[in-house]
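Next come the chains, spelled out residue by residue.
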Amino acid sequence: MNNEAIVEIQRIVGADNAFREEPMSRHTTFRIGGPADLMVCPTSGEAVAETVRFCRGQEIPWFIIGNGSNLLVSDEGYRGVIIRIDQNLQHVHTEGSIIHAEAGILLSRLAAEARDHSLAGLEFASGIPGTLGGACTMNAGAYGGEMKNVLKSVTVLDENLEVRVVAAGDLDLGYRHSRIMDRRWIVLEAEVSLTEGDREQITARMNELRDARVTKQPLEYPSAGSTFKRPEGYFAGKLIMDAGLCGFRVGGAQVSEKHCGFVINCDHATAEDVRELIGQVQRRVWDKFQVHLEPEVRFLGFRG
């Protein structure tokens, strides 16, 4: 990126919201990743749209992130602009049983907003370490719940760089899939529709799911959550365990002994450690069971 482009993007988002050569290890839940040429934290949906329009017009690579979960950034970093939305786009308000929120709000905060208004349906999301925008894009889910069940509409920047509202029924929401993902739309805001409930029961369910996560998931280590999508008819963690890979390591990356569906950064892992480990797990599971494990983690900045 040339200096003129950086100066223009700084004008769009504000100089205080633009960071040159920003280490992505500070912005991913894996705690891994080299520097991005520029990372920006826009303060409005309009600023997101203007930044993307400028980058596309100048043929500058760009990528949207929330809090960096579900993401592995290469050790070399990213040659382009990282647009981080969870720092500023977090406004939320509730009207009756509908919650309106900007895409950068964390799911944990959104679930707390629902609980505080005695609204049921988002308890499953209380422990998912991601943002609303990412959750809509991948139809995030856990413990029998998914965004498909509660999403009412999304406001997106579409492939033509126009802002429009799309009803949830038009998003083709499926397992870890949506039309948003297919079209590379950018979620700016969303509405979720919930049901009236009992606050104590909602709180109890959220606490129950929190305890289950603490007990069963390796939350004490940096990771990107579940590393692989669930293959139809199987569970990824069990396939990996049955392939004899529990605790298997490459450098500082390890298949968690607590839950084999998680690859963890147990000792200053590099991105290459993680990528090599994922590849070896895929090959071993295929050789033993002829089941392909598709990563749920997204790879950014890698060559080849």
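Below: a short report on this structure.

1. Some remarks on the overall build of the protein
Step number 1: Secondary structure assignment for the protein yields eight helices and 19 strands.
Step number 2: Computed over the C-alpha atoms, the radius of gyration of the protein is 19 Å, within 12% of the 19 Å expected from 2.2 N^0.38 for a compact globule of 304 residues.
Step number 3: Structurally, the protein occupies a C-alpha span of about 55 × 50 × 30 Å along its principal axes.
Step number 4: Sorting the 304 residues of the protein into buried and exposed places 54% on the buried side.
Step number 5: Of the roughly 14,100 Å² of accessible surface on the protein, a fraction of 46% belongs to carbon and sulfur atoms.

2. What to know about the side chain of arginine 84
Step number 1: Assignment of secondary structure puts arginine 84 in strand β5 (residues 78-84).
Step number 2: Here histidine 27 takes part through its side chain, which lies 2.5 Å from a polar atom of the side chain of arginine 84.
Step number 3: Here aspartate 86 takes part through its side chain, which lies 2.4 Å from a polar atom of the side chain of arginine 84.
Step number 4: Beyond its immediate sequence surroundings of up to four residues, arginine 84 is in contact with Arg26, His27, Met39, Val40, Cys41, Pro42, Ile65, Gly66 and Asn67.

3. Concerning the sheet that holds strand β16 (residues 249-250)
Step number 1: Strands sit in the order β15-β18-β17-β16 across an open sheet of four strands; the sheet is antiparallel. The two strands at the open ends of the sheet, each matched to only one other strand, are β15 (223-226) and β16.
Step number 2: Relative to strand β18 (residues 262-265), strand β17 (residues 253-255) runs antiparallel, the two being bridged by three bridges. Residue pairing in the sheet places glutamine 254 in a bridge with isoleucine 264 of β18.

4. Description of unusual backbone geometry
Step number 1: A positive phi angle is found at asparagine 70, which is not glycine, with a value near 60°.
Step number 2: The backbone of serine 118 shows a phi angle near 55°, a positive value even though the residue is not glycine.
Step number 3: If you trace the backbone, serine 118 turns up in the loop between α3 (107-116) and β8 (119-120).

5. Let's talk about the pattern of salt bridges
Step number 1: Inspection of the entire model under this criterion finds 19 salt bridges.
Step number 2: For the salt bridge of aspartate 86 with arginine 84, the shortest nitrogen-to-oxygen distance reads 2.4 Å. No difference in accessibility class separates aspartate 86 from arginine 84, as the two residues are buried.
Step number 3: Glutamate 294 is the partner of lysine 229 in a salt bridge, and the nearest nitrogen-oxygen pair spans 3.1 Å. Here lysine 229, found in the loop between β15 and α7 (236-242), pairs with glutamate 294, found in the loop between α8 (271-289) and β19 (298-300); they are 65 residues apart in sequence, far enough to count as distant.
Step number 4: Accessibility expressed as a relative area gives 18% for lysine 229, which makes it buried.
Step number 5: On the basis of relative accessible area, glutamate 294 is assigned to the partly exposed category, the value being 40%.

6. Quick notes on the sheet that holds strand β11 (residues 151-157)
Step number 1: What the five strands build is an open sheet, ordered β6-β7-β13-β11-β12; its pairing is antiparallel. For this open sheet the edge positions go to β6 (92-95) and β12 (163-167), each flanked by a neighbour on one side alone. For this sheet, the mean angle separating the axes of adjacent strands, direction not counted, is 15°.
Step number 2: Relative to strand β13 (residues 186-193), strand β7 (residues 98-102) runs antiparallel, the two sharing five bridges. Residue pairing across strands places glutamate 102 opposite glutamate 189, the latter belonging to β13.
Step number 3: Contacts from α3 reach β6 and β7, with the element oriented near 30° to β6.

7. Notes on the packing of helix α1 (residues 3-13) against helix α2 (residues 45-57)
Step number 1: Where α1 contacts α2, the two axes come as close as 9 Å, and the packing angle between them is 165°. Classified by the interaxial angle, the pair formed by α1 and α2 is roughly antiparallel. Judged by the twist between their axes, the crossing of α1 over α2 is right-handed. Side by side, α1 and α2 meet where Ala5, Glu8, Ile9, Arg11, Ile12 and Val13 of the first sit next to Ala47, Glu50, Thr51, Phe54 and Cys55 of the second.
Step number 2: Of the residues that constitute the contact of α1 with α2, the class distribution is seven nonpolar, one polar and three charged.

8. Some points on the nonpolar core
Step number 1: If you look at the biggest cluster of nonpolar residues, it comprises 57 residues, and the most contacted ones within it are Val81, Leu110, Leu122, Cys136, Met147, Leu151 and Val154.
Step number 2: Look past the residues within four positions of valine 81 in its chain and what remains in contact with it is Met1, Ile9, Leu38, Val40, Cys55, Ile60, Pro61, Trp62 and Phe63.
Step number 3: Membership of the second largest hydrophobic core comes to 26 residues, among which are Phe30, Leu72, Val263 and Val274.

Cut-offs and rules
Per chain, residue numbering runs from 1 following the sequence as it is written. Since the coordinates come from a predicted model, pLDDT governs what is reported: local features require at least 70, and pairs of side-chain atoms require 80 or more to be given and counted, while whole-chain, interface and lining totals use all residues. Excluding hydrogens and water, the side-chain figures rest on all heavy atoms present in the structure. What counts as a helix is a DSSP run of H or I of at least four residues, what counts as a strand is a run of E of at least two, and both are numbered from the N terminus. With C-alpha atoms as the basis for the radius of gyration, the globule rule is written as 2.2 Å multiplied by the number of residues raised to the power 0.38. Note on classification: 1.4 Å probe, protein chains only; a residue is buried when its accessible area is under 20% of the maximum for its type, exposed when over 50%, partly exposed between these limits. Computed with the Shrake-Rupley method and a 1.4 Å probe, the accessible areas treat only the protein chains shown as cover for residues. Here a polar contact is taken to be a pair of N or O atoms separated by no more than 3.5 Å, where protein atoms must pair a possible hydrogen donor with a possible acceptor and residues adjacent in sequence count only if both atoms sit in side chains. Throughout, a contact is declared for two residues whenever any of their heavy atoms are within 4.5 Å. Pairing between strands is defined by DSSP: at least two bridges between them are needed. In the sections that follow, a salt bridge refers to a side-chain nitrogen of Lys or Arg positioned within 4 Å of a carboxyl oxygen of Asp or Glu. What counts as an axis is a line fitted to C-alpha atoms, over the stretch in contact for a helix, and the angles between N-to-C directions run from 0 to 180 degrees. Should an angle fall under 35 degrees it is taken as roughly parallel, and over 145 as roughly antiparallel, whereas 65 to 115 is taken as roughly perpendicular and any remaining angle as oblique. Note on convention: near helix rotated counterclockwise from far helix by under a right angle means a left-handed crossing. Clockwise means right-handed. Polar here means any residue other than Ala, Val, Leu, Ile, Met, Phe, Trp, Tyr, Cys and Pro, which are nonpolar, and Asp, Glu, Lys and Arg, which are charged; Gly is therefore polar. Residues enter a nonpolar core if they are buried and are Ala, Val, Leu, Ile, Met, Phe, Trp, Tyr or Cys, with the set joined through side-chain atoms within 4.5 Å.

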